[in-house]
Structures are given as C-alpha cells and as structure tokens.
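Secondary and tertiary structure notes
This is what each chain is made of:
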Amino acid sequence: MAITSSPTDPAKVSPADVLTVTVNGRPITVPRTQPDWEGRMVPTTMIQACEAAGVTVPHYCYHPRLPVAGNCRMCLVEYGVPALGPDRQPLRNPDGSLIINKSPRPAIACATPVSAGMAIYTDTPNVRAMREGVLEFLLINHPLDCPICDQAGECKLQEYSLEYGQAASRFVETKVHKPKAVDLGPRIMLDDERCILCTRCIRFTRDVVKDDALGIVNRGSYNTIAAYPGRQFDNNYTLNTVDICPVGALTSKDFRFKMRVWFLKETKSVCTSCARGCNTLIGSRENVIYRLTPRDNPEVNQSWMCDFGRLNYKWIGREDRLREVRARGSGNTGWTGALGEIARRLRAAPQGCVALIASARLTNEELYLLGLLARHLGAMTDSIPRTGDFDHILVQADKNPNSAGARLLGLAAEPMGSRLPAIADGIRAGAIRTLLVFGEDVTSRGVNADLLARLETLVVSDVLPNPTTAAAHFLLPGCAAAEKRGSFTNFQGRVQRFPKAVEPPGDARPEAEFLADLVTAVTGQKWPTSIEGLFNHMASSVPAFAGLTWAALGDLGRSVAT
Amino acid sequence: MPAEYRLILKHLDEPGYEPTLACYLRHGGYSVLRRILALEPKVSPEGKTLSPQEQLRQEVSLSGLRGRGGAGFSTGIKWSLVDRKSGKPIYLICNADESEPGTFKDRQIIHKDPHQLLEGMVVSAYANDVHLAYIYIRGEFPQGAKVLNQAISEAKAAGYLGKNILGSGYDLEIYVHRGAGAYICGEETGLIESLEGKRPYPRIKPPYFPAVLGLYQCPTIVNNVETLCAVKHVIEMGGAEYAKLGTPNNTGTRIVSLSGCVWRPGYYEIEVGKATLRDLIFDPAFGGGLRDGRKLKAIIPGGVSAKVFKAGEKVKLKARNADGREVEQEVDVLDLPYDFTSLIAAGSMSGSSAIIVLDDSVDIVEALANISEFFAHESCGQCTPCREGSLWMAKALHRMTHGEGRAMDADYLARIADNIPGGRTICAFGEACSWPVQSFVAKFKEEFVAKGKADEERRSASRQAADVPSAP
Ligand SMILES: Cc1cc2nc3c(=O)[nH]c(=O)nc-3n(C[C@H](O)[C@H](O)[C@H](O)COP(=O)(O)O)c2cc1C
Ligand code: SF4
Ligand code: SF4
Ligand code: SF4
Ligand code: FES
C-alpha cells in the first residue's frame, strides 16, 4: 500500500471532469472519477455520489480503503438513466427535468458507476424492502449474543437492524452452528457465528498487508472464516481487522471483555512508537487507557495502524512510573525547590560546561524550550537514534516519533547520536560538569554510570526508572504523550498535535510546563507557558515551522515548510 | 410429424463411431478448420475489407446462434463485445461444467465425439484471435477429461492443434481443467475464478464482464460445449443457411435432455421451436408419454432452475395476426414450442434445455425439497440473500417433508423466496434457487397448505392424546 494523497481538489476540477446525477431527486455534481483504494482513478460510484449528497447508504462489505466485494447486498438501491430520443439526446419533461427510464433491477451502490443524468433512489419502498430482506437474512443465523458481545454499541448489525430492520423474526428453523472462540492468531479471536461473511478481513490482509492469511471454508450458509490450516493469523496489522469487522466476530484478545465501548472516552491522539505517527483514538475510562484504535488520516496512515504501536500503551499505567520530584540527599523536594536549585546551578554554570541529551520522543514544544536553554548555556546537544524493523506499509525504521522535530529544532546532531561520544569525552575530561538528560537512558549509549558519577549536576527527566534516572541528582517526573498536549513532526515533515487523554500519575507534570518555568528562571526572560503560545512562538522563530499555527494544525496535521 | 434433427449428434451414436481422431477424420472431421485457415481477406459490399476473423464472426452473427449454456445470449453479440483493443491476450473457455440437474447433453459430445468440440473450439478461437483456450470440465466427469486429453494429444500430434496449425502459422493450445465438484463453477465468472485457482465466487458485474475483464483480467469468451460445436456447423453451412434451421430468433438445433416419468427419457436434438412440449413428452419419437398410465402433473422445462409448469396451465403468448397486429393468444403449456422466446414469454425458460416430467405419483413438496436441498448445498455463500435464503428454504422444506409442516408454510416459503431474486444477488444462482420455490408454491399452493394442515392436525391430536390422564 502506498500512502497516496487525497481525493480530487474541487478547485482543480474542470466541467469535463464532473457529471451531475440526482439522489432522491436532488441534483449533485460529482467528479467523473475518484481514486480507488489503491489511488487509481476509477469511475465514481453511486455510494460516493450519495455520500456527496449527504445521503447515507447502509453497507457492510464496502470499505473505501479496500477493493470492492459487493457481497453483503445491503447497499442495493434503485436507479434510472435518462431516456434518449431518436437523436440520442435526452428527453425532457415539460418542466425541463430529464425523463428517467427506471431500471427494473436494483444495483449495488458500492460498485455501480454513476453516469450523467442518472437518478439514484435510496428511499423507495422497494429499497426499504430489500434492506429489510438482507437484514433478516443476516440475522436468522446470527447468535444474537449482544449482551456478551464486545462489538455491542459499535455494531453495524445492531445499528442497521434498528434503522432498517423488522422487529419480529419469522425464522423457525434451527440455526447454523459454527465455531466460537476460535484462536485465529496471537492477538485475534474469532466468533464465526457472529461473522456476516463480508470478507473485509480477508481483503484487508490479502490486499493491503499482502499476507493472504484468511479465507473462507465450506459452502453456502456454512461458510466459515478461517486462517490457512496450520497457520496463525499473525502479521503486524492483524488488529485492524477487528476495527473493520462490522460485527463482533473478530475481537482483540487485548481488549475483549475488558470494557463496554460506550463507557470509553475517546481522545484523538498520535502513536508514538515510530516516526510515522499514525493518527489514533485513545479509549480511556477514569484515567485508564483500554485501547488504541486508528483514526483516519489519508496522508499518514489511511485507516490503519500496526499491532505493535496499538498495543504499546501498557507501560503508561505501570506501577513503577516515576511520580515524585527527587533531589539527591533531600528526597522528595517538590517542584519549586528542585526547579529553583536547578535554575541556580545552571545560571552559575560557565558557558560550554553543560551538555543536553534530549529524546526525540519529546514534543516539538518541549524540544523548542530545551533548544532555547541549550543556546543560552552554550550547551552541546544531541538526541538518541532508535531504529528497528520497518515495512512498506506503515512501520518506519526510525522508532522515535519526533526525530524530524529534534533535527529541525537543532537539538539532534547529524547523524543523530553522533555527538554522544564527544559528550562522553567532555565528561571524562572534566570539561562538561553538568548534564541534562530528557527522556533517555544514556548509560547504554556510551555515557555509562561511571561517567555519570563524575558529574557535578545530573538533571534527569523521565517517565520510567532506568540506570540514568537512578544516577540523577535531580529527578523530574515527566509525562507520556497521552498525559499531555503537544505536537510531533513525523518522518514526512507533518506536524501533528494531540490533546491530553489521561492524567499523569503522582506529581508528574508535562515537561513543557516545568521547562517553561525553568527556562524563564534561567534566562530571566518570560516564555509562554501554554502549548498554543509556545507553538506559535516556535513557528514565528524557527523557519521550518513558519506559517503554522497551533489552531491550523487541526486534527490531521500540517506539513512543515520544505 | 415432429422428429429429431441430428446435426451435432449426427454420428456419435452410430454403431462403430469412436471418439478417435481417425474416426472423426473418416466422417469429414477438421475440414471446416482446413477451410477457415485458408480464408483470405474479403471486401464487403460496403467496401470494407474484412479479415478472415471478421468474416467468421460475421457468419456467427448472421446465424442467430444463441448460447446453449442457459441464458440463451446471442453468440454473435457476445463475441462482438470482446475488448479487442486492450492489447491483452483474449481467452476462450469452453464451459463443460454441465451441472444443472436434469442436463446430460454436453457429456454425450465430450465422451463420444470430443474432436467435434475441439474443432468447434479451434474455429471459435481462430475467429477471435485466441491462442490459449481452456475446457473447464465438471469434476465428476473424470472419464470425460481423459477422453478430451486423449483427443487433444491426438489432434496436436496430427497438427490440428498446437503450434502452427496445419502449417497456417496459427497457434492454439487447449488445456483441460477439472473442477472439484461445485455447481457454481458453471457460472461463467465463478468458473473463471476457479480456473485462476480461487474459490469460485462469481464476480460482480460491473466491472468484471468477461468480455473485458475475464480470466486474469483479460478479455475472455465463455461458451457452452454445445454452442462451440454449433459454431462449427454455422461455419460449415454458412450463417444464413444455419439460420434457416429452427424458427426466427430461435435458430439452429438444440439438444434436449428429457428425464422424469416418461417412457423414453434421453437426449434428443431438435430444430429449435419445431417441437412442442407435448411432442417432446408424448410423441413416440421422443418421450413416448407417461409411464404406467400415469397422468401429467408438472413440467420443469429448462433444468431445475426454471419455473415449473403445472399440467393444464394456460399461458398467454403474444402472436402476430395475419394483418400484422399483435394479439394475445392463450395456449396450453403443452403446446408451447420448445424454444427460447416462447418459454420466457410463458414465464419460465428453456435454460439448459433439460425437461423434467413429473407425474401424479410425485409429491410436489418432496420434489421441491429435493431441489432446494441441491441449491442450499451448491450456493457459494458469497452474497447474503442467496447464502442465507437458500438454506432457509431448504430447512423449511425439510421440516415440511418430515412431519413438521405448518399451513402457513406456503406463504412463509414464498416470502423467503421473494427476497432473493431480481438483481438482489451477485449471480443468477439467486434466481435459480428462488424461482422453483416461487413457482412450486404459487402453482401448487393447495398441496403445500394441505400438507401443513395435516401435520398441524396430527401434532395437535398427539398433544391432546398426551394430555389425557391415563386411566388409573
Ligand atoms: C448457477 C449457474 C450455473 C451455470 N452452469 C452452467 C453450466 O454448467 N454449463 C454452462 O454451459 N453454462 C452454465 N451457466 C451459464 C454460464 O454462466 C454462461 O452463461 C454460459 O456458459 C455461456 O455460454 P453460452 O453463451 O454458450 O450459453 C450457469 C449459470 C449459472 C448462473
Ligand atoms: S470476521 Fe468480520 S470482517 Fe471478517 S468476514 Fe466476518 S464479519 Fe466480515
Ligand atoms: S506504524 Fe508506527 S506510528 Fe503507526 S501504529 Fe505502528 S508504530 Fe505507531
Ligand atoms: S447468488 Fe448465490 S451462488 Fe451467486 S454469488 Fe451469491 S451466494 Fe454465490
Ligand atoms: S456494501 Fe456490500 S454490497 Fe455494497
């Protein structure tokens, strides 16, 4: 899957590229072609035209980011095309409207291309009867175990049954029984009885992931989704099938039975596990995160995210999170005491005697403040590269969410981490006597515990304990991205902001907040303390961010100047 | 006097006729192929130069030949829809899946006269610039596959197939592909999927019209075994001559598979429309009447997918008067000429030209239960209405044939069946599985109701018996 760019810009469309159809009598002009799931330009379909007209066509198997299957038949609509005269010109009513030849057969809106003058009807008695029929068919063999189903509350079968179905069932035969609680793979459970055989999961793994792992066995009403015999459904994208499964057939082992979805608060966020920065929703309740799900962003992650990133949230709630401000010798000093003492020492530090290692997992705003501090102190700076596996779908080799930000804001060396030996040498030689470490364990990066022990002042901020935090003279508990606001710049140079989803533990504070205090205390200059203020300040002074404002980042982010 | 007209079946039942190349050649085989390979471009009356391929296709159009696989679609039009500008190869597929219950005509050709089919295929392939063709044969025909493979190797060895056919420079390979035992593999796009090695899930149209996006997304022609044989005769006789056989719009000959409660079940080749259902069932040249003095009850006229006719049913047909005016005529179903148009006009179809005759010994509910069980087993299960509806109907009918019927079941069945056909499904199997139910229930409603009532009464009687306190 190539991440391709968004649908046709309406401003660039010429009249020859558009056509007009009517949806339930209302005219709507649509582009003749639109990108399909792969980004290839293909004729606009009825369902797209209806959507443009603000008319919802119920559907199960259709998914804009998958090849069209046309199997559920929920999207059947009636339609007609203009009647033509002997001169092949459309015939018109006295009022000028087109005379429509209504097709005797319905069409599936998800796969049928529109043509000029076509009339689409989504709300006729026939269409309603067809939907009712399809829903009845889907329900006759359905176990109706909504009370114990994880999908309940976000289930398309429930929703459409309410909107388009009949109340009573006529079915008096025995239901088809199929396997329940099928262990499909390490992260996925399947309930075949709930499955409506829309094949979204099959198409996703076959066509998007290119792992042809799922299929259907048996025939007819006994059709059953299964992994290839003897094989596990195990790739790094399996959990997306849980999201796109319109019913509760595919469930996440991590999430199933843990929480009713209607209790979850959903916060728009960004994944921090690699440089892609997949857009996410954090589902939390009472300060506990229960799941991450992908949020559509055509420029970044389309509708997907990887399993690793999705499940990499548990550490946020770990018991051993750093939650106290500590100063060597004085225990828990509280923020004011510690920041005051750090500021005093930094003010006293001679130029060039301070070094700063700032994680590329910090936000743009935090890095901006650290950059100001470093320049004020004449400090040598660097960040820590973090690399791993990558693929050609989403996952980046760069595992830092904000490497681009660390570079653009001048904190990271080029290549990232190449100044670490110089920092180590400086400490060894006694030239560097104060080290600030934000969000990294430097002991495994050539600045070992022996070196740290030589420092006069070691200020460390982090979220979890490690050998570096253990050596700190001042330990400042920071926040996970989910616990604060801020923005990251992804590998494409896209700046994406995120709000706070949950509260940090104990005394932990968002880094930008206490850094603003610290930088003000050290430089004597007042710096904005709000994230908006900081971001806009950064945008006005760092050329790469010129023209951006916090507000304009919106939900989907904006690209830095190139 | 109605009689068989054997064109395709001409030799294959003659004593001593063998499925070998030598025998075929002795009977004039491959002479049509020889002739077409020698065709030169020709200037048409309108001054257009026609390639040999265009000339052949023109003959097929002229012949009025309609597909013998089930839908009766014009072969000339089908070939004209092929996308010849795509730059992709064009494939020809012979549909030898013959699985419609009651149909047993294609297998006669395959087993007894395979070279006739091969010649028909080479001619059709040549006419359409095809260099690779497949015969998709039903899995249950292992012997047929063997015969075909044998015939292919003989034909190749003798230069009628393969590279540089008869020195003409034209190459064609034909491969036999065996199905694995599924009726849906006869549906042309399901067949194509199966040939590609996938589940035979019929494709959605649009966009996957075989003529444009068929096998491996290339333009593809799918024709029935009998259709491809007919092409050979069309070219042999000339399209105009062929069109003189049969009746207008229903040209040529057709092989009818006649089965059920008649004296002489079997396959009969007739001129299309030149025999009525009455002829086919009662005439000594064909069925020879019902067995054991039984009375006719119903006729399934085109394979089990076709809507049933009830004995004595009157249907209205449109006909033209002497003065050219259109008039409606009421005829007894038995007097319907056996052709494409009349049967459609009468609300059914000639389908795969399989006539199944039911006499008054047949329990109509049992008969429908049998048919529905077949369809529930054969639905590919891809689309909702057919997948769920076919089994629902089969289960209801199973219940009815096992003493659990209800008087309301006739309506119950009809309402299930009404939600399946008419473009609600991906392929015509939706119609195939629901038409029998709709028509049986509509035309024999009293039998369904009576059976259900009887069951209800028996059940309530036995409940009452159970409620009676036993004597002390
Ligand atoms: C469910 C179903 C089963 C079919 N089975 C067969 C078959 O067994 N043999 C066949 O020739 N056509 C079969 N057909 C028809 C084919 O789809 C196709 O129309 C035919 O092969 C075209 O050939 P013709 O134009 O020569 O008739 C079937 C159609 C459907 C919907
Ligand atoms: S498991 Fe879900 S996504 Fe997959 S086919 Fe069934 S209903 Fe569709
Ligand atoms: S691809 Fe990267 S950003 Fe996206 S979910 Fe996976 S780890 Fe997170
Ligand atoms: S109509 Fe029946 S056989 Fe045809 S695609 Fe749908 S489920 Fe399969
Ligand atoms: S959405 Fe399933 S058929 Fe169109």
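Residues numbered from 1 in each chain as written. Chains lettered and ligands numbered in written order. Predicted model: local features only at pLDDT ≥ 70, side-chain atom pairs only at ≥ 80, totals over all residues. Heavy atoms only, no water.

**Notes on the overall build of chain A**
Applied cut-off: Here a strand is any run of E in DSSP of at least two residues, a helix any run of H or I of at least four, and the numbering for each starts at the N terminus. Counting rule applied: Lys, Arg positive; Asp, Glu negative; His and chain ends not counted. Here the site of a charge means atom NZ of a Lys, CZ of an Arg, CG of an Asp or CD of a Glu.
Counting its secondary structure elements, chain A contains 15 helices and 26 strands. For chain A, the C-alpha atoms occupy an extent of roughly 95 × 55 × 35 Å along the three principal directions. Of the side-chain charges in chain A, 63 are positive and 57 negative, and the distance between the mean point of each set is 1 Å.

**Describing the domain arrangement of chain B**
All names here are of chain B. Short version of the rule: Each domain's extent was defined by an automatic or database domain assignment. The contact definition used throughout considers only heavy atoms, calling two residues in contact when any of these lie within 4.5 Å. Accessible area that two parts lose when put together, evaluated with a 1.4 Å probe and summed over both, is termed the buried area. Counted as salt bridges are all cases of a side-chain nitrogen of Lys or Arg within 4 Å of a carboxyl oxygen of Asp or Glu. N or O atoms within 3.5 Å of each other form a polar contact, as long as, within protein, one can give a hydrogen and the other can take it, and as long as residues adjacent in sequence are counted only when both atoms are side-chain atoms.
On domain assignment, one finds that chain B holds domain 1 (21-243), domain 2 (248-359) and domain 3 (364-460). Between the C-alpha centres of domain 1 and domain 3 the distance comes to 37 Å. Taken together, the 13 residues of domain 1 in the interface contact ten residues of domain 3. Contact between domain 1 and domain 3 buries roughly 890 Å² in total, counting both sides, with carbon and sulfur atoms accounting for 71%. Taken together, the connections running from domain 1 to domain 3 amount to zero salt bridges. At the junction of domain 1 with domain 3, the criterion picks out two residue pairs in polar contact (both at pLDDT 80 or more).

**Topic: the sheet that holds strand E9 (residues 182-185) of chain A**
What holds strands together in a sheet is hydrogen bonding between their backbones, with the strands either parallel or antiparallel. Residues and elements named next belong to chain A. Stated formally: A pair of strands is considered paired only if DSSP assigns at least 2 bridges between the two. To define axes, lines are fitted to C-alpha atoms, for helices over the stretch in contact only, and angles between the resulting N-to-C directions are given on a 0 to 180 degree scale.
As summarised here, the arrangement of the three strands in space is E9-E10-E13, forming an open sheet in which the pairing is antiparallel. Strands at the two margins of the open sheet, each flanked by one partner only, are E9 and strand E13 (250-252). Averaged over all adjacent pairs, the angle separating strand axes in this sheet is 35 degrees, with direction ignored. Pairing of strand E10 (residues 188-190) with E13 involves three bridges; the strand directions are antiparallel. Bridging across to E13, Leu190 finds its partner in Leu250.

**Description of the interface of chain A and chain B**
Each partner contributes to the interface: chain A provides 39 residues, whereas chain B provides 35 residues. Between chain A and chain B lies a buried interface of about 3000 Å² when both sides are counted; carbon and sulfur atoms form 54% of it. Three residues stand out in chain A for area buried against chain B, namely A:Phe137, A:Arg170 and A:Arg219, and they jointly supply 27% of the buried area on that side. Taken together, the links from chain A to chain B amount to three salt bridges. For the side of chain A that touches chain B, the secondary structure elements donating two or more residues are helix H2 (125-140) and strand E11 (214-217) of chain A.

**Here we look at a nonpolar patch on the surface**
Test applied: A patch consists of residues whose relative accessible area exceeds 30% and which take part in no salt bridge; residues with like charges are grouped when within 9 Å of each other, and nonpolar side chains (Val, Leu, Ile, Met, Phe, Trp, Tyr) when within 5 Å. Only the protein chains shown count as cover for residues, and the accessible areas themselves come from Shrake-Rupley with a 1.4 Å probe.
On the surface, a nonpolar cluster with roughly 280 Å² of combined accessible area is contributed by B:Phe73, B:Ile77 and B:Leu81. Summarising the element assignment, B:Ile77 is placed in helix H4 (residues 75-80).

**Observations concerning the packing of helix H8 (residues 364-377) of chain A against helix H13 (residues 511-523) of chain A**
How two helices pack is summed up by the angle between their axes together with the distance between the axes. Residues and elements named next belong to chain A. Worth spelling out the cut-off: Relative orientations are named as follows: roughly parallel for angles under 35 degrees, roughly antiparallel for angles over 145 degrees, roughly perpendicular for angles from 65 to 115 degrees, and oblique for any other angle. Each crossing is labelled by how the near helix is turned from the far one, with a counterclockwise turn of less than a right angle marking it left-handed and a clockwise turn marking it right-handed. Residue classes follow a fixed rule: Ala, Val, Leu, Ile, Met, Phe, Trp, Tyr, Cys and Pro count as nonpolar, while Asp, Glu, Lys and Arg count as charged, and any other residue, Gly among them, counts as polar.
Two numbers describe how H8 lies on H13: the axes approach to 9 Å, and their chain directions differ by 20 degrees. When the axes of H8 and H13 are compared, the pair comes out roughly parallel. With respect to the hand of their crossing, H8 and H13 are arranged in left-handed fashion. The segment H8 lies against H13, with Glu366, Leu369, Leu370, Leu372, Leu373, His376 and Leu377 engaging Glu511, Ala512, Leu515, Ala516, Leu518, Val519, Val522 and Thr523. Here the contact of H8 with H13 is built from residues that sort into eleven nonpolar, two polar and two charged.

**Quick look at the site of ligand 3**
The condition that has to hold: Note on terminology: near, applied to a residue and a molecule or strand, indicates that one of the residue's heavy atoms is within 4 Å of it.
Around ligand 3 sit A:Cys271, A:Ser273, A:Cys274, A:Arg276, A:Gly277, A:Cys278, A:Met305, A:Cys306, A:Gly309, A:Leu394 and A:Val395, and those are all the residues in its vicinity. Partitioned by chemical class, the residues of the shell around ligand 3 number seven nonpolar, three polar and one charged.

**Focus on the site of ligand 1**
Residue and element names in this part refer to chain B. Among the 19 residues in the neighbourhood of ligand 1, the closest are listed as Gly69, Lys78, Asn95, Asn224 and Thr227. At 2.7 Å, a backbone N or O of Gly69 approaches an oxygen atom of ligand 1. In the environment of ligand 1, an oxygen atom lies 3.4 Å from a nitrogen or oxygen atom belonging to the backbone of Ser99. Bound to the protein, ligand 1 loses 90% of the 610 Å² it would expose on its own. At three residues, the largest contribution of residues to the shell around ligand 1 is made by strand E6 (residues 220-224). Partitioning the shell around ligand 1 into residue classes produces five nonpolar, eight polar and six charged.

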